Every structure is written in structure tokens, then in C-alpha cells.
Amino acid sequence: MTSQIDHLLSENRRFAPPEEFARGAVAQADLYDAAAADREAFWGRQAKDLLTWAEPFSEVLDWSNPPFARWFADGRLNVAYNCLDRHVEAGNGDRVALLWEGEPGDSRAVTYAELTDEVKRVANVLTELGVDAGDRVAVYLPMIPEAIAAMLAVARLGAIHSVVFGGFSADSLRARIDDAGAKVVITADGGYRKGKVSPLKPAVDMALADRGGQGPQATVEHVLVVRRGQNEVEWTPGRDIWWHEAVPAASAEHTAQAFDAENPLFILYTSGTTGKPKGIQHTSGGYLTQAAYTHRNVFDLHPETDVYWCTADVGWITGHTYVTYGPLANGATQVLYEGTPDTPHPGRWWEIIQKYGVTIFYTAPTAIRSFMKIGRQVPQGFDLSSLRLLGSVGEPINPEAWVWYREVIGGGSTPIVDTWWQTETGAIMISALPGVTETKPGSAQVPLPGITVDVVDDAGAHVGNDAGGLLVVTEPWPSMLRGIWGDPERFVETYWEKFSDKGFYFAGDGARRDEDGDIWLLGRVDDVMNVSGHRLSTAEIESALVAHEATAEAAVVGASDETTGQAVVAFVIIKQSYLDKHSPDGLAQALRAWVSEQIGPIARPRDVYIVGELPKTRSGKIMRRLLRDVAEGREVGDTTTLADTAVMSVISAQVR
Ligand code: WTA
């Protein structure tokens, strides 16, 4: 059994960095030596080299009260100044910060000088609205330059933003506003999605509506509204303010005040194992240090020449760290795209890469797999030769998708960095260095210089090479979460209790070290199945299924089973191109046999259901919980976080 899994996981293709890339790379192998020699001194150096401090710090890390870390605690800085003003002062005001592309095809280039000016004005508007250091401001915006300006203006004041993804409902927005006690909401009338205006302001109005004594009184005093969709909106005089009226009228003079390095920067809500989202809290100096460090070294950023594009929405952590803070702290030029990948045509992303000459591209495996499903002829219709580095984030990337990404998008030559991290870690933790590491498709591989992780058993003991276990972070890191908003106990319980005797951070992910010691992420431990006492990863079986020529996408769940404890149940989408040539008869059987062949009879799915769609959240994550309900013949649970709530009834019908 073990050896069969090994066979699948020890994907033996290796890709060395192209020589020229390696020679010119920002990060060279000596970065590992520098970090290993003295880890704290290393981070101190990164903080000094990458950021501008109003007052220098004298201590790098204070870990005297674990798990509550303080990084660079007596240093003071302004985060927005670091992302804006200092680039202008250095003579780079004319450099483009944002190459913005609206979904309908309108576009805007915003320079560092322009963005700095805008952020100063917004900061002045927010001050007039009563926002002070420590106050919370909710941001509920589409992917427009104002979203970034809003975040930076809040940061500039030492206030705390809570960005809520524009796809979340009024109820979710209300829960987040209440939990954080937000004073102001920054929103838009609407934004473009899938070819039409998707309204946002009405959701804010609903979230703030009179509660008739139900629940807490709304804490929000003002709503600042960007006009984007031109859709009709209702207006509450005195509370609501148009951005396009207030911001241009405000002064562009604003001196950034310095705040403590541990001043909170933002709260970002993420789902945990319970129903209630957790408000993950991040602070300033450490977060910005690791954001800038990882963005520069993992993406090999040459700010004078690169055009960088991360497709994440600012509503997620990837958008916070790799759209707003990392790139701007580093003075990068980046693309910002408002809409969906397939609007108005399936090649929209590739068209944008061609139009702006994107050199560094960062996206999620789920997107790559949906492009695979459509076929390579779409990207092949565009000139993607400007690309020199590709990144992946959010879930394990199966080797087939990895290789397709490299071949079809990367022209068969670009390095791929598979980056493992979490909302809680704030920035990338495990990743290849693109000019140094020989990459393996499907493995995130090695912790970054300065980061220490391990794979351990349930008791916290190192498992060694060629073995699986739980991923832990063994030493504090600069961009680590500082807590859960309003719930310090939950913070300790969720992440630190499991290995409290060792002081390890428990990531909640299963992982495995291969014979070289490289790390393979196996998915959340709650998605790891136990079949007849054998541990199987959903990701691993999915990887096998999508390696079959017929399969476009697959999701696997562990359903309870009388005999084996859990049984593997697979939901599979078949490629249209396959169905054009073959009959689907017997395919479920063939796929069961295929998995058995690929991994071993123990992994053979009990059931393979051929379905038309999979239930995904708006951020593209498959909701296995719902599939487990179907697989176990239960009534399907709460579907409110699905992008398309109708999909479960379709799947249930197909399974029946
Ligand atoms: C998963 C996203 C495998 C993992 C930045 C983690 C990954 C969760 C990878 C965090 C990767 C993220 N390989 N799995 N490269 N990146 N994950 O908070 O399970 O949205 O715990 O942060 O995504 O998701 P989150």
C-alpha cells in the first residue's frame, strides 16, 4: 500500500531553473545559508532592507509570552508610506502601480504618484468621518483601484480594515461588520461580473438595516460609496457619501504618522471547523516585512521591468498580501482585473497577459484545471511569451495541472512556484525559490529561508523522510496571525493547543516528506480519509482521477462505511472532448479500476458518480462537506456559501 502511494507521489519529473533565469535571480542559494546562520538576525535584516522605519527597532522578536508574538515591537512605521510615498520620494512617482482592466474593457493606468495622492485624500475623508487609529473600517468593493486605495488609506491612519469579498451576501457582511464593530463601510454601487453589473450597495443597505431590536445596534456611522456600476442605489442622507464627491474635494496633503510595528493592520475572516468565521488578525511591521520579502524572492521581482499579475480578489488573503501589500511595498507594476476569466470570451485572461506583457503570473490550481477543461487551443490563440514565472496557490496542484500550466501557459520553460500558506500565516511559507530550486510537479517542496516547518506525528515527533503526518510551523514567523478578533482563547485552542508541549503551530494540513525531504501537501486533515485503518488523502485520489484522459475535474470525499470505517466516494466531471468520441457507459467502473491501478486497491472508490458540476465556494474551493452529505444519503447541509446554490440539487439528481 505505502509503496503504491509512494509511486504516485514520487512524481519523478524534475525541472531545473533555466540557466539565464538562475543567473539573474533575486534570490540565490546563499539566502538559505544566511537564514540558517542566525534566523532572527536574518529577519531583522529583511525588515531593515525592505522597509523604511520612522523609528528603528532594537529587538527582532519577543516570544516571552507564546503564542503571542511581538516582532520588531519597539520600531515604528507607517504601512501606507512604505507602499506609496517612499517610492515617489525615491523618484519613481511616474512608475505605474496599477494597470487596471475593467471587465467591460475600460482601463486605467495609475502611477505611484497618483495612487499616493488618492490615498492621502481618502485618508483625509476618513478622518473627517471620524476614523481614528484602531477603528475598524469594512471594505466591500469590486476589483477596482479604489479597493486598494481604500485599504491603504485605512492603514495610513493606523486604523484596521476588514475587507469582505464582494461575492458575500448581506448576511455575511452584517456578521463581519458586527463582529469587528466597524465604524465606516467603503463600498461601490456595483461592479462588473459575467457581463453585467452586480450590485453591492443594496447588500450594505440590508446589512445596516434597522434590526428591530434583533442583534446588536449597527456600529456603522458612514458609508462611502464609489460609483462604478452606475446602477440605481438607495441613499441614506447623512450616512451615505459619494466617493467621487468627497475624495476629489479633500486635500491631497497628508503626512503619514508612524505607528508601532505591532499596531493592528487588518482583520480578515476565514472559515474554520465551526460554522462561525474567524476574524484573523494581522499587524504591521512583521506582516509587511514578510509580504515584501516573499513577494520579492518567490516571484523574483525586478520592479523596473516586471509586469506582475496575481488574479486573486482583495477579499482573500492572497489579494491582501500579493495584490495590495507585497507588490506595492516593493514598488512593482501590476495588473488588476475586475471581472471573471471567461467574460466576454474564454480567453480573457490570456488576452490581458498579451496586452500588458505580463511577466509574472500567480493563480490557483482550480482555475488552471478549468482552463484545461476548455482546452489548450484557447490560450494558444494569444502571445504569452512575455511570461517568465508562474505561481500557484490555494490547494495542492496535481502534477497534470502543473505540467499543463508549464507547457501551455509557460511555453514549456517558465519555473513554477507552488506556494503553500494560509490566511493565518499571512504570507508564503513553503515554496521553491525559482532561480534555485529544481522543481517537482505537485510538491510545494521547501520552507522559505527564515521559515521552519516540520511534518510530525500526532505526538509532535518528526516523521522523517518518506513518511506522512501533520504540517507544523516550529518557530514564530514575522507575518503570523496575532490572534482571532475578540477571541484569544479560540486562537490558542485552534492553533497552539494540539502541540502545546512543543510550541508548534498546527496548520491543519496533512503533509508528507518524500525521500528527498521535500514536502507534499495532502489537503486539510479534515479531508483526509481513513479507509480500513489506512490514511488516504482526498487530494491524492483526485490527482489520480484527473490523470485519466476522460476526467476534467474530480472531488473525493470519505463517506462513512460500515465495513471499512470510511469509503472513498468520487464525483467526476468528464471532458466534453472525451464524450464526443466515447460512450460514457462503464466509465465509472473504468475510473474505479484506474484509481486502483494508480494508487492501490485500498484507494479504489466505492462509488464514482459522473456529474456535470461540483459545488464550489465563490473562491473556488470545492465544498466536500456537501458532497459527503450526498455520498452518505443525507439531506444536503447549508449551501449558502456556494457560488451557485442550485448546483447541489442537480448533483443529487444525477447521483440518484
Ligand atoms: C491550502 C490561501 C496545497 C491548505 C493562501 C491551507 C494549499 C489552506 C496551498 C489555506 C498549496 C494553500 N498547496 N495546499 N500551495 N496553498 N493551500 O487560508 O489546505 O484561503 O491550509 O489561504 O489552503 O487557505 P487560505
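Throughout what follows, the structure given in this document is the object of discussion. (Residues numbered from 1 in each chain as written. Predicted model: local features only at pLDDT ≥ 70, side-chain atom pairs only at ≥ 80, totals over all residues. Heavy atoms only, no water.)

Take the overall build of the protein chain next. Scanning the protein chain from N- to C-terminus turns up 22 helices and 30 strands. Radius of gyration (C-alpha) of the protein chain: 24 Å, near the 26 Å computed for a compact globule of 656 residues. Projecting the C-alpha coordinates of the protein chain onto the three principal axes gives extents of approximately 70 × 60 × 50 Å. For the protein chain, buried positions account for 60% of its 656 residues. Total accessible area on the protein chain is roughly 24,500 Å²; 47% of this is exposed by carbon and sulfur atoms. Computed over 58 positive and 87 negative side-chain charges, the inter-centroid distance for the protein chain is 2 Å. (Helix = DSSP H or I, 4+ residues; strand = E, 2+ residues; numbered from the N terminus. Rg over C-alpha atoms; globule rule 2.2 N^0.38 Å. Buried < 20%, exposed > 50% of the residue type's maximum accessible area, 1.4 Å probe, protein only. Areas by Shrake-Rupley, 256 points an atom, 1.4 Å probe, with all protein chains shown as cover. Lys, Arg positive; Asp, Glu negative; His and termini not counted. Charge placed at Lys NZ, Arg CZ, Asp CG, Glu CD.)

Within the secondary structure, D629 sits in helix α21 (residues 624-631). Setting aside chain neighbours within four positions, we find D629 in contact with R634, E635, V636 and G637. (Contact = heavy atoms within 4.5 Å.)

Our focus in this paragraph is the sheet that holds strand β25 (residues 519-524). With respect to topology, four strands assemble into an open sheet ordered β21-β22-β24-β25, the strand pairing being antiparallel. On the outer flanks of this sheet lie β21 (453-456) and β25, each paired with one strand and no other. The mean angle between the axes of side-by-side strands here comes to 40°, regardless of whether they run parallel or antiparallel. Here four bridges tie strand β24 (residues 505-513) to β25, and the two strands are oriented antiparallel to one another. Looking at β25, one finds that R513 is bridged to I519. (Pairing = 2+ DSSP bridges. Axes fitted to C-alpha atoms, helices over the stretch in contact; angles between N-to-C directions.)

Let us now look at the nonpolar core. Within the largest apolar cluster, 136 residues are counted, with the highest numbers of intra-cluster contacts made by L115, L126, F299 and Y325. Ranked by residue count, the leading element in this core is helix α8 (residues 145-156), at nine residues. Residue contributions to this core reach at least three from each of two domains, namely domain 1 (2-454) and domain 2 (455-525). The residues contacting L115, other than those within four sequence positions of it, are L84, A97, L98, V110, I148, A149, L152 and L328. (Core = buried A, V, L, I, M, F, W, Y, C linked by side-chain atoms within 4.5 Å. Domains from an automatic or database assignment.)

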